Structure formats: C-alpha cells, structure tokens
Amino acid sequence: MELGRLPLLFSRLPMFPFFDAAHYLASVMALKEQRGAVEVSRQSPIACWFSAMLYCFGGSILSSLMLAEPPVGFLANSTNIFLASSVWYLVFFCPHDIIYRCFSFLPLRLMIAAMKEVTRTWKITAGVAHANSHYKNAWFIMVAVGWARGAGGGLISNFEQLVRGVWKPESNELLKMSYPVKVALVGAVLFTLQHAQNLPIARHNLMFFYTTFLVVTKVTMMLTQSAVSPFAPFESVLGRMLFGWQQTPSKVKGEARVSSNGTSSVCDRSAGEASESIKKGQAKKTE
C-alpha cells in the first residue's frame, strides 16, 4: 500500500461500532468521575442515564437546536442508543466495577481516548457539511454547527449538570474554554475553509493531519498529566496584541498593597529617625 493513499483510506474508516463504542465509553467514564455522579446513579438511574446520553450525543442535540431541527432526532438511531445505554449500564452497574477498573488501565485508557478523538474529526466534518446543506456557503453557520457537533458535550455541560442537581454557572465553557472545546473550534474553522475551497488541501488530507494532531496531543497530555492547553502560548500573544490583556486585577492590587506597605515603612523609618534626632538634641541641651 502506498503511503500517499493512507489519508484517503483513513477518511473512509467506518465509525460504527468500534469508534462509536470508544466514544461512548470515554464519555460515560468521564461522567462517572464527576463529583456526585455515582450517588445520582443510585438515587435516580433515569437522571444518570439522561446525563450519559447528553455526554454521548450532546453534539447532535445542540446542532439540531441551532438548525431548528428536532433535538430528539438522535433517538431515531436505535442501534447507537442501545450501544450507548449498554456502555452506561456496564460502567455504572457492573459487579465489582470490573468494566470501569479494566478500562481505567492506562494503556486501554489511552487507546479509548485516541479513538474518541478520531470520532471528533468525523463529527466536525459532518456538522460542517450538514450546515452547508441548509445554508449554502454560510461560513459562520458552518463553523458554529461544526463546533457544536465536535464539542457539544462540553458546550451544554451546564444543562447536563442541572440534570444531576448541580448548578455551576462559573463552569460555563464560553467563560473558560477547555482544550476539547478550543480544538473543536479550530477544527470547525479549518474544515469550513476547506469546504469553501479557501484552504488549498484535500479534505481527506486535512482529516488525516488534524486527527493526528488531536491524537498525539491528547495522548501526550494524558501521559504528562498536563492540563495546560497547547494553544496557551498563542492565546497569550494574541490576547496582548488584539485585546491588550494586562495582569489580572488581583496581581495589580497585590502589587499596590506591597508598594503602599513599602511607602508606609519608609515614612515610619523617617519619622523614627526624626524623633531620635530630636531626643538627641534635647539630651545635648540638658548637658
């Protein structure tokens, strides 16, 4: 097989059943690791199941809402719903937690995470193409729907938390984007440009290189246990150039306190020296 045909063959990989199952498994395991999720599964299995479906199909739900389509459309695919539900049941209710413990083994966890990133590329490209079928060459809509498909689970995380009885508005992804949401946005922009023929690269080549970047970055972050986004240096430079990002207010206030303390200490020292000189002068007069 020629290496030049590898990206083309890669772009024709079917996602069902293995890659979809890996996506569901990684999503449900991430749900189980959320604080209070296990307690919710014991108190209300229905609420826990619904949260798991939001984790697994959040992208489809959000993109459907954006295009004024029925948000329950994902339920029409009974095979995928049954597969995701089976994964949810095994992860949460398997005796002795065997399934969760087995796939928590690092090599298996890395393999699942890598396969999940492959599905992210397919979801973004499907979202861009689906948006283009509704709004021809509408770049912003294509980017938005592709982004929603690729990172829908993160973008609707606040709603998913409400299902479990948790309300954390400060965890809104638009306020503080996680790495998957950021990289999905970058991918949506790239595939939109390619779809509009403004990026001089074939679609299968872009899929191959983008997925390779996703997999390598994800595996590296898991191995190094790093939570720092690879985009952080670029964000810092662009933030200072475009938006004039300065030091955080807390740091400025801290520096102001230090400077005020330093000034007051200098004044205290000068006042003390003045009082000592006055005392010495009075002592000389008495002598």
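Residues numbered from 1 in each chain as written. Predicted model: local features only at pLDDT ≥ 70, side-chain atom pairs only at ≥ 80, totals over all residues. Heavy atoms only, no water.

### Things to note about the packing of aromatic side chains
On inspection of all chains with the given rule, the structure shows twelve aromatic pairs. Here Tyr24 and Phe57 contribute two aromatic rings whose centre-to-centre distance is 5.4 Å and whose plane-to-plane angle is 50°, an arrangement assigned as tilted. One end of the pair, Tyr24, is in helix H2 (residues 18-32); the other, Phe57, is in helix H4 (residues 45-66), with 33 residues separating them in the sequence. Overall, the relative accessible area of 3% leaves Tyr24 in the buried class. In this structure Phe57 comes out as buried when scored by relative accessible area, which is 8%. Every member of this aromatic cluster is reached through a ring pair, and the members are Phe10, Trp122, Phe208 and Phe209. Directly above the ring of Phe92 sits Lys32, whose terminal nitrogen or CZ lies 5.8 Å from the centroid. Above the ring of Tyr100, the side-chain terminus of Lys32 is found at 4.9 Å from the ring centroid. (Phe/Tyr/Trp six-rings, centres within 6.5 Å; stacked < 30°, edge-to-face > 60°. Helix = DSSP H or I, 4+ residues; strand = E, 2+ residues; numbered from the N terminus. Buried < 20%, exposed > 50% of the residue type's maximum accessible area, 1.4 Å probe, protein only. Lys NZ or Arg CZ within 6 Å of the ring centre and 35° of its normal.)

### Quick look at a nonpolar patch on the surface
Among the surface-exposed residues, Phe234, Val237, Leu238, Met241, Leu242, Phe243 and Trp245 lie close enough to one another that they form a single nonpolar patch of about 830 Å² accessible area. One can find Phe234 in helix H12 (residues 232-242). (Patch = residues over 30% accessible without salt bridge, like charges linked within 9 Å, V, L, I, M, F, W, Y side chains within 5 Å. Areas by Shrake-Rupley, 256 points an atom, 1.4 Å probe, with all protein chains shown as cover. Salt bridge = Lys/Arg side-chain N within 4 Å of Asp/Glu carboxyl O.)

### Topic: the side chain of Ser63
Residue placement: Ser63 occurs in helix H4. Looking at Ser63, the relative accessible area reads 2%, which means it is buried. Not counting chain neighbours up to four residues away, the residues in contact with Ser63 comprise Val145, Ala148 and Arg149. (Contact = heavy atoms within 4.5 Å.)

### Focus on the packing of H2 against H4
Close contact between H2 and H4 brings their axes to 9 Å; oriented N to C, the two are set at 130°. Looking at the two axes, H2 sits oblique to H4. The handedness of the crossing between H2 and H4 comes out as right-handed. In contact with His23, Tyr24, Ser27, Val28, Ala30 and Leu31 of H2, H4 contributes Cys48, Ser51, Ala52, Tyr55, Cys56 and Phe57. (Axes fitted to C-alpha atoms, helices over the stretch in contact; angles between N-to-C directions. Parallel < 35°, antiparallel > 145°, perpendicular 65-115°, else oblique. Left-handed = near helix turned anticlockwise from the far one by under 90°.)

### Quick notes on the environment of Ala129
Secondary-structure assignment places Ala129 in helix H7 (residues 106-134). C-alpha separation for the pair Ala129 and His195, spaced 66 residues apart in sequence, amounts to 7.9 Å.

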